[in-house]
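# Coordinate analysis (summary)
Letter by letter, the chains look like this.
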Amino acid sequence: MINLEPLWLTAKLALITTLILFVVSIPLSYWLCYSRFRLKAVVEALISLPLVLPPSVLGFYLLIAFSPENAFGKFLADYFDIRLVFTFEGLILASVLYSLPFMVNPILSGLKNLSPALQEASFTLGKSRFTTITKILLPNIRASLFTGIIMTFAHTLGEFGVVLMVGGSIPEETKVVSIAIYEEVESMNYQNANIYAGILFVFSFSILLAVHLINNKFRKTTLY
C-alpha cells in the first residue's frame, strides 16, 4: 500500500506554485509585451532559461543561494527567521522560479498576437491600464491563460532535480511523488513505484488532453 502523503504534498505544491505564478506572470508578461526596455531580450532569456538548463544545475545554485552559510540565506534566517533549504517553503520558491516560463511564455505569446488597436482604443476611451488589462486584454487571451495555468500545474507535478536538490526527502515536508518514485526504485519496490508513476502518467495525460480539447473549442468559437 502506497503512502498518500507524497501525492498530497505534490498537489499542494503544484497548486500554490500555479497560483503565485498566475498573479506574477500577468503583469510581467504585459511589461515584456509592451515595454521598450532595451534589455528586454535579456529578461526574456533569463525567464526561459529553465527550459534548457538541467534542473539539477538550477537546483544546485538555488541550494547554494538558500543556504544559511551564504549571504541571501543568512539574511533571511537572521532578519526574518526564514529557512528555505529542506523546507516546503523552499520548494515553493524553487518551483516558482523553475516553472516561470511555463506560465509567462503562453501569456506573453497571447498578448503579442493581439492587435495593438485593442489597447489603443481602450486608452482612447479613457480606460485605465488596470481596466484595459483585466476587461479587454485578458478576456481575449483566455486560451493562453488556460494553457499557462495547466502547463504550470502539470510541470510542477513532475519536478525532480530541483526539488531533490532544494528539498531533499523529508517525509510530510518535502517528499513529493517524484522523490517517492526514485526512492521506491532504489529500494527495488517496483510495485509502489509503478503505482506512483501510473498516477502521475494518467493525470498528466488527462491535463494535456484537456488543454488541447479546450484550445480547439476556443479556436472554433473565435472562427464563428
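Since the structure is predicted, the reported quantities are computational estimates derived from the model, not experimental observations. (Residues numbered from 1 in each chain as written. Predicted model: local features only at pLDDT ≥ 70, side-chain atom pairs only at ≥ 80, totals over all residues. Heavy atoms only, no water.)

Our focus in this paragraph is the overall build of the chain. Broken down by element type, the chain carries eleven helices and zero strands. In sequence order, the chain lays out its α and β elements as α-α-α-α-α-α-α-α-α-α-α. Overall, the C-alpha framework of the chain stretches about 65 × 45 × 25 Å when taken along its three principal axes. Expressed as a percentage of its 224 residues, the buried residues of the chain come to 40%. In the chain, the share of contacts with a sequence separation of at least 24, taken over all contacts with a separation of at least 6, comes to 73%. Approximately 13,000 Å² of the chain is accessible, and the part contributed by carbon and sulfur atoms is 67%. Side chains of the chain carry 15 positive and 13 negative charges; the gap between the two charge centres is 22 Å. (Helix = DSSP H or I, 4+ residues; strand = E, 2+ residues; numbered from the N terminus. Buried < 20%, exposed > 50% of the residue type's maximum accessible area, 1.4 Å probe, protein only. Contact = heavy atoms within 4.5 Å. Areas by Shrake-Rupley, 256 points an atom, 1.4 Å probe, with all protein chains shown as cover. Lys, Arg positive; Asp, Glu negative; His and termini not counted. Charge placed at Lys NZ, Arg CZ, Asp CG, Glu CD.)

Take the nonpolar core next. In terms of nonpolar packing, the biggest core is built from 27 residues, with Leu13, Ile107, Leu111, Ile141 and Val176 touching the most fellow members. Sorting elements by how many residues they give to this core places helix α5 (residues 88-112) first, with ten residues. Excluding residues within four positions of it along the chain, isoleucine 107 makes contact with Ser25, Ile26, Ser29, Ile141, Ser144 and Leu145. Of all hydrophobic cores here, the second largest spans 14 residues; its members include Ile2, Ala14, Ala193 and Tyr196. (Core = buried A, V, L, I, M, F, W, Y, C linked by side-chain atoms within 4.5 Å.)

Here the chain averages 89 in pLDDT, and 97% of its residues register 70 or above. The lowest-confidence element of the chain is helix α11 (residues 190-223), averaging 81 in pLDDT; the highest-confidence one is helix α1 (residues 5-34), averaging 95. (pLDDT = per-residue confidence, 0-100.)

Looking now at the pattern of salt bridges. Enumeration according to the criterion identifies three salt bridges in this entry. Glutamate 44 is the partner of lysine 112 in a salt bridge, and the nearest nitrogen-oxygen pair spans 3.8 Å. Residue lysine 112 is found in helix α5, and its partner glutamate 44 is found in helix α2 (residues 40-48); the two are separated by 68 residues along the sequence. Lysine 112 sits in the partly exposed class, given a relative accessible area of 49%. A salt bridge links glutamate 183 to lysine 175, with the nearest nitrogen and oxygen atoms 3.0 Å apart. Relative accessible area serves as the criterion here: at 26%, glutamate 183 is assigned to the partly exposed category. (Salt bridge = Lys/Arg side-chain N within 4 Å of Asp/Glu carboxyl O.)

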